[in-house]
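Summary of the model geometry
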Amino acid sequence: MPPIVLASTFAQSSPGVHQGFEYARTDNPTRRALETCLASLEGGHYGLAFGSGCAAMTTLFLTLRPGDHVVSCDDVYGGTFRLLDKVMGPLGIETSWVDLSNPSALEAAIRPETKLLWIETPTNPMLKLVDLTIVTEIARRHGVLSCVDNTFATPVLQRPLDLGADVVVHSTTKYLNGHSDVVGGAIITRDEKLAEKLRFLQNSVGAIPSPFDCFMVLRGIKTLSARVQAAGERATKLANWLEGHAGVQKVIYPGLASHPQFELAARQMRAPLAMISVVVRGGLAGATRMLERTKIFTLAESLGGVESLIEHPASMTHGAVPPNQRAAIGIEDGLVRLSVGLEGFEDLRADLEQALSFT
């Protein structure tokens, strides 16, 4: 197990001559171990760890300049929307929100000033898929950097750099750590010049994780493959069961043949993921009753832990997205998002059964 090195500064043999480390904001042995591991997992050459997923995104966005343009998925994590719209927008960086499951829409959205393509696949929370081979080729042809938030799929199910992406971003809070006890983020790339720029910003801005948090994520990664595969198996069984439940209007899950991009999911991902979105009958009232009644599924934001979580995107994770924009991408009041954990399938099914019996 890598040691937790808590030193904030390191002895130098001569002025300006250090032994590999000089100051912990710049570099730290435990953080370097995590960054090396993250790069290896995604098939990248350079990994950088941050204090949160939002810190990782912000650092990448700081490579942009006023007047630059971003094309993003229309269906993204609410924190991503907030950063691009409310933080980067006033700084002169404009974002176009596009359905990237339609490559022709991407072609139409790219401008001469477009510098970054932001992709989620599967998206959050509508679980749409983006064909990475196609959209990253379009971006490359236009000289646009492509970045994939791979938090949902993890490198166990999907490696975007191998499919043409330039950059991968993670909230290590989620599956990589996997135990809901750390907040962190990461950027991985194969581009040396970009990595140098990001390393400068990482040090200058200082949005870094603590050595203990790095140790905890490294610990979680040791069981990543086993956790992701086991949770995905439970999610697939639950999605099939939910599809036939009278209290459920619609199940959105790429591992179901009813999903419009089922074939793309089978081609692009190694196995189904552990996230399910459902539309509960009865709208907001029905969803609220279900959410208040679950006992094993914990009503809470976040995802990817060993415990199962359930949440209401419209009022929780995507509350920062304007109502009209939520409606346009399908985030209705009856939509509920499930992060399936490692509890027994029958226990999880019984919990949802009793919760839905009151909708």
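Before reading further, recall that the structure is shown in the block above.
Residues numbered from 1 in each chain as written. Predicted model: local features only at pLDDT ≥ 70, side-chain atom pairs only at ≥ 80, totals over all residues. Heavy atoms only, no water.

Some remarks on the pairing of strand β7 (residues 145–149)
In terms of residue burial, β7 counts as a mostly covered element, since four of its five residues are buried. Judged from the five bridges that link them, strand β6 (residues 114–120) and β7 form a sheet pairing that is parallel. Paired with Leu-116 across the two strands is Leu-145, which belongs to β7. As paired elements, β7 and strand β8 (residues 167–171) share three bridges and run parallel to each other. Paired with Asp-149 across the bridge in β8 is Val-169. (Buried < 20%, exposed > 50% of the residue type's maximum accessible area, 1.4 Å probe, protein only. Helix = DSSP H or I, 4+ residues; strand = E, 2+ residues; numbered from the N terminus. Pairing = 2+ DSSP bridges.)

Considerations on the side chain of Thr-30
Relative to the elements of secondary structure, Thr-30 occurs in helix α1 (residues 29–42). Classification of Thr-30 by relative accessible area gives buried; the value is 1%. The contacts of Thr-30, once residues within four sequence positions are left out, are Pro-3, Ile-4, Val-5, Pro-211, Cys-214, Phe-215 and Leu-218. (Contact = heavy atoms within 4.5 Å.)

Quick notes on the pattern of salt bridges
Enumeration over the complete set of coordinates arrives at 17 salt bridges. In this structure, Arg-32 engages Asp-27 in a salt bridge whose closest nitrogen and oxygen atoms are separated by 2.5 Å. One salt bridge in this structure joins Arg-219 and Asp-181, with 3.6 Å as the shortest N-O distance. Taken together, the residues span a long stretch of sequence, with Arg-219 in helix α8 (residues 211–221) and Asp-181 in the loop between β8 and β9 (185–189) at a distance of 38 residues. According to the relative accessible area criterion, Arg-219 is partly exposed, its value standing at 26%. Put simply, Arg-31, Glu-35 and Arg-199 are held in one network by salt bridges that share partners. (Salt bridge = Lys/Arg side-chain N within 4 Å of Asp/Glu carboxyl O.)

Observations regarding the nonpolar core
The biggest cluster of nonpolar side chains holds 65 residues, and the ones touching the most others in it are Leu-238, Val-251, Ile-276, Val-278 and Val-336. With eight residues, the single largest contributor to this core is helix α9 (residues 224–243). Not counting the four nearest positions on each side in its chain, Leu-238 is found in contact with Ile-276, Phe-297, Val-340, Phe-345, Leu-348, Arg-349 and Leu-352. In this structure, Phe-50, Leu-106, Ile-119 and Val-130 belong to the second largest nonpolar core, which totals 41 residues. (Core = buried A, V, L, I, M, F, W, Y, C linked by side-chain atoms within 4.5 Å.)

Some points on the sheet that holds strand β5 (residues 94–98)
As summarised here, the arrangement of the seven strands in space is β3-β9-β8-β7-β6-β4-β5, forming an open sheet in which the pairing is mixed. Lying at the two open borders of the sheet, with one neighbouring strand each, are β3 (46–50) and β5. On average, each strand axis in the sheet is tilted by 20° relative to the strand beside it, whichever way the strands run. Where strand β4 (residues 69–73) meets β6, four bridges bridge the pair, whose relative direction is parallel. For Val-70, the partnering residue across the bridge sits in β6 and is Leu-116. Strands β3, β6, β7, β8 and β9 of the sheet are contacted by helix α2 (residues 53–61), whose axis makes an angle of about 150° with β8. (Axes fitted to C-alpha atoms, helices over the stretch in contact; angles between N-to-C directions.)

Brief notes about the packing of α9 against helix α13 (residues 345–356)
Contact geometry of α9 with α13 gives a least axis separation of 10 Å together with a crossing angle of 35°. Considering the relative orientation of α9 and α13, their crossing is right-handed. Between α9 and α13, the residues in contact are Arg-234, Lys-237, Leu-238, Trp-241 and Leu-242 and Phe-345, Leu-348, Arg-349, Leu-352, Glu-353 and Leu-356, respectively. Counted by class, the contact of α9 with α13 contains seven nonpolar, no polar and four charged residues. (Left-handed = near helix turned anticlockwise from the far one by under 90°. Nonpolar A, V, L, I, M, F, W, Y, C, P; charged D, E, K, R; others polar.)

Structural notes on a nonpolar patch on the surface
Among the surface-exposed residues, Ile-4, Leu-6 and Phe-212 lie close enough to one another that they form a single nonpolar patch of about 300 Å² accessible area. Tracing the backbone shows Leu-6 in the segment before β1 (12–14). (Patch = residues over 30% accessible without salt bridge, like charges linked within 9 Å, V, L, I, M, F, W, Y side chains within 5 Å. Areas by Shrake-Rupley, 256 points an atom, 1.4 Å probe, with all protein chains shown as cover.)

Description of the side chain of Asp-149
Considering the arrangement of structural elements, one finds Asp-149 in strand β7. For the buried residue Asp-149, which engages in no salt bridge, the nearest side chain bearing the opposite charge is Lys-174, 8.1 Å off. In this view, Asp-149 contacts Trp-118, Ile-119, Glu-120, Thr-121 and Val-169; residues no more than four positions away in its chain are not counted. (Lys, Arg positive; Asp, Glu negative; His and termini not counted.)

Details of the packing of α1 against α8
Where α1 contacts α8, the axes come no closer than 8 Å and their chain directions differ by 35°. In this structure, the crossing between α1 and α8 has a hand that is left-handed. Of α8, the residues touching α1 (which contributes Thr-30, Arg-31, Ala-33, Leu-34, Cys-37, Leu-38 and Leu-41) are Pro-211, Cys-214, Phe-215, Val-217, Leu-218 and Ile-221. Here the contact of α1 with α8 is composed, by residue class, of 11 nonpolar, one polar and one charged.

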